[in-house]
Amino acid sequence: MKIYTQTGDQGKTSLFSGERVVKSDARIHAYGDIDELNSVVGALIAVLLPDTEAAEVQLKEIQSDLFQVGAWLAATSGSEAQARLNSITIRYSQRIESWIDGMDAQLPELKSFILPGGHPAAAWAHIARTVCRRAERAVILLAEQEAAAGRSFEGFAPIVAFINRLSDYFFVLARWLNQHAGVGDVHWQG
Amino acid sequence: MMPRSTPASDIRPRFVVAVTAVRWLSEGTFEIRLERPDGFDFIPGQKISFVDGALRRDYTLLGPVDARELALCVRHVPDGLFSPRLSRARIGDRFQITAPFGYFTLKTSGRPAVFVATGTGIAPFVAFANAGARGFDLLHGVRTPAELYYRDLLFTAARRYIPCISAAAGDDEIGPEGFAGRVDRFLSAKYPDGAYDFFLCGRIQMIRDVTRVIDARFSGSRVFIEAYD
């Protein structure tokens, strides 16, 4: 099958729930940022150190979860199409919290600001963190628009929690990867 | 029925099933029936893949969902991956298939439903009709009237059944409800203004052309797409 259908050449696209919307729509920004984040996670996986299989397993599960989040965001709230997707629940963020705690227990206490960088894998984790923050802002903007239109915020809450926790995860992961690589944190000298 | 590609990492359960019947619908298209494995449930509009090593081809299940056999509509492509083998299949020949999958299912709203198919892209709409869908408008784009598969079923189920025949020779071939030309031209020139739920299944060119008409003429409509080449 050809990858291109040319149905978006006039600046519109179809949501998973069928609506035709302009590509500058807040919903497109939201799931586009989630897609970008997923791509960054893929790049991070590609440069992981050989002895960090546990992180690789976690990151691949995160990629799968992000795919589900993207699909959920690509359907309008309350639509039949959205109802057919797996629900995003609070368990998504709870699992991330357990992973953060697991890595954090292996790290020295943080006493100053750190700069993004270090080992390439850690640098990618910092990029993932910042893209994740942008995705969070886009999802919240969409949720606010939905609420203003009288639609429920309920489905967004576990997604916002998941993405918020995910950016913390990438921060801790970056430190953990640097420690694993023998690089250590890059401290801000301000 | 529609050849399509599937994701490379296919982890769906698989079944080996035997052919129970092959029936030609026209010179180039046939319906094949397969044993139905236990617990093989599907939603009308979902499809399966035939699998042979790394090769796979997708075809939509015609239904009904409670039928004892699985039915598929296949266009015979002489140099195709599966259709030549399927067209020559004998009763009892066995093929590996996946569990059903896909999201091109009927989603209802307050808007009128308009189904648009070309060729064997009619399959999901047959599945919808077999599941009891009624009151929809259906445009079936084909080259000749001989390719209007499942016409009786669809004519009965649809509010309007509109054959769009691109190689029609005369009015007697087109019929009173038919249109001499492609589906996008019919929608552009003949279909009343409004907001609809469009379901499009067929070749990419049709999907592209019809979507352009929808964007231009039927704003506020929803569009659901199943494309193949």
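For every chain, the first residue of the written sequence is number 1, and numbering continues from 1 along that sequence. Chain letters start at A and ligand numbers start at 1, both assigned in the order the entries are written. Reporting of local features is limited, given that this is a predicted model, to residues whose pLDDT is at least 70; pairs of side-chain atoms are given and counted only at 80 or more, and all residues count toward the totals for whole chains, interfaces and linings.

## Quick word on the pairing of strand β11 (residues 197-203) of chain B
All names here are of chain B.
Right, so step 1: The element β11 is largely enclosed, with a buried count of six among its seven residues.
Right, so step 2: Note: strand β7 (residues 113-118) against β11, five bridges, orientation parallel. Across the sheet, the residue bridging to A117 is C201, located in β11.
Right, so step 3: One requirement defines pairing of two strands: DSSP has to find at least two bridges between them. Numbering goes from the N terminus for both helices and strands, where a helix is a DSSP run of H or I of at least four residues and a strand is a run of E of at least two. Across seven bridges, β11 lies against strand β12 (residues 222-228) in parallel orientation. Looking at β12, one finds that R203 is bridged to Y228.
Right, so step 4: We call a crossover right-handed when, viewed with the strands running away from us, the connection from the first strand over the helix to the second turns clockwise. Handedness of the crossover is the feature at issue here: the chain leaves β11, passes through helix α6 (residues 204-217), returns alongside β12, and the resulting connection is right-handed. Partly exposed residues are those whose C-beta has more than 12 but fewer than 20 other C-beta atoms within 10 Å; 20 or more makes a residue buried and 12 or fewer makes it exposed, with C-beta atoms placed from the backbone.

## Considering the domain arrangement of chain B
All names here are of chain B.
Right, so step 1: For every domain, the bounds stem from an assignment made automatically or drawn from a database. Taken domain by domain, chain B consists of domain 1 (14-98) and domain 2 (113-228).
Right, so step 2: The C-alpha centroid of domain 2 is placed 24 Å from the C-alpha centroid of domain 1.
Right, so step 3: Listed as interface residues are 13 residues of domain 1 and, on the opposing side, twelve residues of domain 2.
Right, so step 4: Looking at the side of domain 1 that touches domain 2, the elements with two or more residues in it are β1 (14-26) and β5 (69-75).
Right, so step 5: Per-class residue counts for the side of domain 1 that touches domain 2 are seven nonpolar, five polar and one charged. What counts as a contact here is a pair of residues whose C-beta atoms, placed from the backbone, lie within 7 Å. Classes in brief: Ala, Val, Leu, Ile, Met, Phe, Trp, Tyr, Cys and Pro nonpolar; Asp, Glu, Lys and Arg charged; the others, Gly included, polar.

## Considering the interface of chain A and chain B
Right, so step 1: Facing 14 residues of chain A, the contacting portion of chain B comprises 19 residues.
Right, so step 2: Elements that contribute at least two residues to the side of chain A that touches chain B include exactly β1 (12-14) and α3 (80-83) of chain A.
Right, so step 3: Here the side of chain A that touches chain B is composed, by residue class, of two nonpolar, six polar and six charged.

## What to know about the confidence of the model for chain B
Right, so step 1: Every residue gets a pLDDT, meaning the predictor's confidence in that residue, from 0 to 100. Averaged over chain B, the pLDDT score is 91; the fraction of residues at 70 or greater is 94%.
Right, so step 2: Here the predicted complex scores 0.85 on pTM and 0.75 on ipTM.

## Observations concerning the sheet that holds β7(B)
Residue and element names in this part refer to chain B.
Right, so step 1: Strands sit in the order β10-β9-β8-β7-β11-β12 across an open sheet of six strands; the sheet is parallel. The open sheet is flanked by β10 (179-180) and β12, the only strands paired with a single partner.
Right, so step 2: Inter-axis angles, ranging from 0 to 180 degrees, are taken between N-to-C directions of lines fitted to C-alpha atoms, where helices are fitted over the stretch in contact. Across the sheet, α6 lies against β7, β8 (137-142), β11 and β12, angled at about 155° from β11, the strand it touches most.

## Brief notes about the environment of L70(B)
Residue and element names in this part refer to chain B.
Right, so step 1: Within the secondary structure layout, L70 lies in strand β5.
Right, so step 2: Spatially, the C-alpha atom of L70 lies 11 Å from that of A127, the residues being 57 residues apart in sequence.
Right, so step 3: Once residues within four sequence positions are removed from consideration, L70 is found in contact with R33, L34, R36 and L61.

## Topic: the nonpolar core
Right, so step 1: Here, a nonpolar core means buried Ala, Val, Leu, Ile, Met, Phe, Trp, Tyr and Cys residues linked by C-beta atoms lying within 7 Å of one another. Membership of the largest hydrophobic core comes to 65 residues, with the highest contact counts inside it found for L72(B), F115(B), V116(B), F125(B), L138(B) and F198(B).
Right, so step 2: For this core, the domains that each give at least three residues are domain 1 (14-98) and domain 2 (113-228) of chain B.
Right, so step 3: Residues in contact with L138(B), not counting those within four places in the same chain, are F115(B), F125(B), L154(B), A158(B), Y161(B) and I162(B).
Right, so step 4: Judged by nonpolar contacts, the second largest core, of 47 residues, contains L15(A), L37(A), F170(A) and A174(A).

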